[in-house]
Amino acid sequence: MDFVDRVLALQGDTAIKKFSLKCKTGIDTDRVNRWIRNALQRGVTSLELVLDFPRHGDDSYMYLLPVEMFVSTKLVELSLRSDFGVDWWRGGTNTFLPMLKTLTFESKWILLCDDLEVFLSAFPLLEEFYMADIEWPETDESVSSQSLRKLTIHACGFEDFQNPMSISFDTPNLVYLAYSDYVAADYPKVNLPNLAEALLDFKVTGHQIDLIREPDDEDEVSLRLGNVWKLISGLRNVNKLFISAETLEVLSLCCESIPVFNNLKSLHIICDADLGWQAMPALLRNCPHLETLILMGLLHHVTDKCGDACDCITREDKGRSLSSCPVKKLQIRGFKGTVREKEMIRHFLESFPCLDEMESDNDPTNVEVNRIYKIVAYKVHAEDVSTETVLQSKTMSQTQMEEISSQFTPRNNRNKYDFVYILHGAPPPPPPQGMSEDYLEEHLDAAKTKLAELNEEYKERQRVHDANEEYKERQRVHDAMFDRIVEQYPMIASALKARQSATDSEGSEASDDQEKKRDVEALLEIMADLYPDFASALKAMRGTDLERGEPSRDQGEMAELDQPTSTDMAADLLPRDGD
């Protein structure tokens, strides 16, 4: 603490751009607030506080942030983290941070004093708001801001009642939303017209999952869960959507109300063996421009409703939702190699009519195909190109690869694919024939980016090389000047030779660099003894260098070779022939 006091005191009132303070227990909170005030008084724009001060007894003591922080006119970024809670109530309705653009809260509870809508009104320019590990109060909440562009909420419902009350989103300029929470009882207002990317992670209990799979129109909890369609409808304009396994389960309550996602290009879904895909068919049917589908796992709880999208249950309309989906690229992560997964991949290859590429990353714990790192299938577009299996390693035979391929190959003749198997430690595969233009364009762009990076690296190396050559050239000029002085003035040469002999007789083992340094010093000393004018000029130069705090420019490597040195001065001041 004394150290921090000294550091801040030594800096006086100089401006601070960023101030980060991380304190645990045992620190004097009065001094902490004094440090924070010091940074605020010096115009800090980015403030990060990690203050883990516990509450003692029954709220008999609670750390309070300094009031100056709630009315700063300079703060642009503010981050507050604590394991024991973030207390904002002291600022209350007097809070006003007119320049704040980024606000981050990370704590188990946040005491705001006002409701969220009033709280956000204190930040007229706020663009990014992050709240993690919070518990909602038992009131209706509304996230309302005209300036907000990025919002992240990781909540855990109420302390005693897990599902929160109603939550509204009135943020017309929001472009990114990450929302993780228990499903609220209602979402009365969802105004998100410019939202481009959303991440939904609903939490549900085991009892709620049972209600979702067998909904009861008279059950209050079941009815509350069904209101989630209002939030989903507000996300209709996104072009990238991330959905957790529990969220997909919840969406099965509103399959008929799922909006059409006309802008959606990329859909990421996390799967869980205990959670269902009942909403998958409706979701895929309502993505008319989907290009990329990423599935984090394939195993899920089997129900009669998921059979439209997967191969779990035999039914006449199997694959109907897939046949209307225009997805071009399918990525499957965490492939375990089970028979069920293989049949599902075959089903996807058969049913997605526009699928050009399927990529499956193997789960490293998979015993059956643990040598395979990745399986890639490229659609063959030309009828005259025969399908083939490419092996990127010699540790498995072609026969083994073809046997594995047969487990994925579509049974119908409409879709044909080349299969590439990449094993652990194998180089990336060469591009197969008949691949899509999008794939080629993507890899061409990556190659151009890499080429630009290499060009910049080459230019930097060339610059260093040129600088070294310039330094060597200047060094050669000064060495030649030194040699010319010695050659033209026999008296100096004799004196230098005498000194060198004395040094050799002492058994010196100095390096070449050290010998050159002593030679230069000896040259200057001898010249000063022989020529008084030079001695005066050398003394004046060294005095000027000391006043400037610079090294003497007659030192060994002549620190600044592009400036006049003592050797240059020696050549100018030495008597010419005939003087």
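The structure this text deals with has already been given above.
Residues numbered from 1 in each chain as written. Predicted model: local features only at pLDDT ≥ 70, side-chain atom pairs only at ≥ 80, totals over all residues. Heavy atoms only, no water.

## Notes on the packing of aromatic side chains
Now for step 1: Enumeration according to the criterion identifies eight aromatic pairs in this entry.
Now for step 2: Arranged with centres 6.1 Å apart and planes meeting at 80°, the rings of Phe105 and Phe129 form a pair that is edge-to-face. Of this pair, Phe105 sits in strand 5 (residues 102–106) while Phe129 sits in strand 7 (residues 128–134), placing them 24 residues apart in sequence. Judged on exposure class, the residue Phe105 and its partner Phe129 are both buried.
Now for step 3: Plain terms: the ring middles of Tyr179 and Tyr187 are 6.4 Å apart, the flat faces sit at 90° to each other, and that makes the pair edge-to-face.
Now for step 4: Relative accessible area serves as the criterion here: at 1%, Tyr187 is assigned to the buried category.
Now for step 5: Taken together, Phe105, Phe119, Phe123 and Phe129 form an aromatic cluster joined through their ring pairs.
Now for step 6: Lys150 extends its terminal NZ or CZ atom over the ring of Tyr176, reaching a point 5.2 Å from the ring centre. (Phe/Tyr/Trp six-rings, centres within 6.5 Å; stacked < 30°, edge-to-face > 60°. Helix = DSSP H or I, 4+ residues; strand = E, 2+ residues; numbered from the N terminus. Buried < 20%, exposed > 50% of the residue type's maximum accessible area, 1.4 Å probe, protein only. Lys NZ or Arg CZ within 6 Å of the ring centre and 35° of its normal.)

## Digging into the pairing of strand 15 (residues 266–270)
Now for step 1: Counting buried positions along strand 15 yields four of five residues, so the element is predominantly enclosed.
Now for step 2: Alignment of strand 14 (residues 240–243) against strand 15, held across four bridges, turns out to be parallel. Bridge pairing in strand 15 places Leu241 opposite Leu267.
Now for step 3: Each parallel crossover has a hand, and for strand 14 linked through helix 7 (residues 245–251) to strand 15 it is right-handed.
Now for step 4: Pairing analysis gives five bridges linking strand 15 to strand 16 (residues 292–296), with the strands arranged parallel. Within the sheet, the bridge partner assigned to Ile270 lies in strand 16 and is Met296.
Now for step 5: Between strand 15 and its parallel partner strand 16, the chain crosses via helix 8 (residues 280–285), and the hand of that crossover is right-handed. (Pairing = 2+ DSSP bridges. Right-handed = clockwise from strand over helix to strand, strands pointing away.)

## Re the nonpolar core
Now for step 1: Core analysis: the biggest nonpolar cluster contains 114 residues, and Met69, Phe129 and Phe169 have the highest contact counts within it.
Now for step 2: At five residues, the largest contribution of residues to this core is made by helix 2 (residues 29–41).
Now for step 3: Not counting residues within four places of it along the chain, the set of residues in contact with Phe169 comprises Val143, Leu151, Ile153, Leu177, Tyr179, Tyr187, Lys189, Val190, Asn191, Leu192 and Leu231.
Now for step 4: Core analysis: the second largest hydrophobic core is formed by 10 residues, Phe482, Tyr489, Ile492 and Tyr531 among them. (Core = buried A, V, L, I, M, F, W, Y, C linked by side-chain atoms within 4.5 Å. Contact = heavy atoms within 4.5 Å.)

## Some remarks on the sheet that holds strand 12 (residues 190–191)
Now for step 1: Judged by pairing direction, the sheet is parallel, and its three strands sit side by side in the order 8-10-12 without closing on themselves. Each end of this open sheet is capped by a strand with a single partner; those strands are strand 8 (141–144) and strand 12.
Now for step 2: Examined bridge by bridge, strand 10 (residues 167–170) and strand 12 share two bridges and lie parallel to one another. Along strand 12, the bridge assignment pairs Phe169 with Val190.

## Side note on the environment of Val118
Now for step 1: Positionally, Val118 belongs in helix 3 (residues 116–120).
Now for step 2: Residues Val118 and Ser145, 27 residues apart in the sequence, show an inter-C-alpha distance of 10.0 Å.

Shape is all these values report; function is a separate question.
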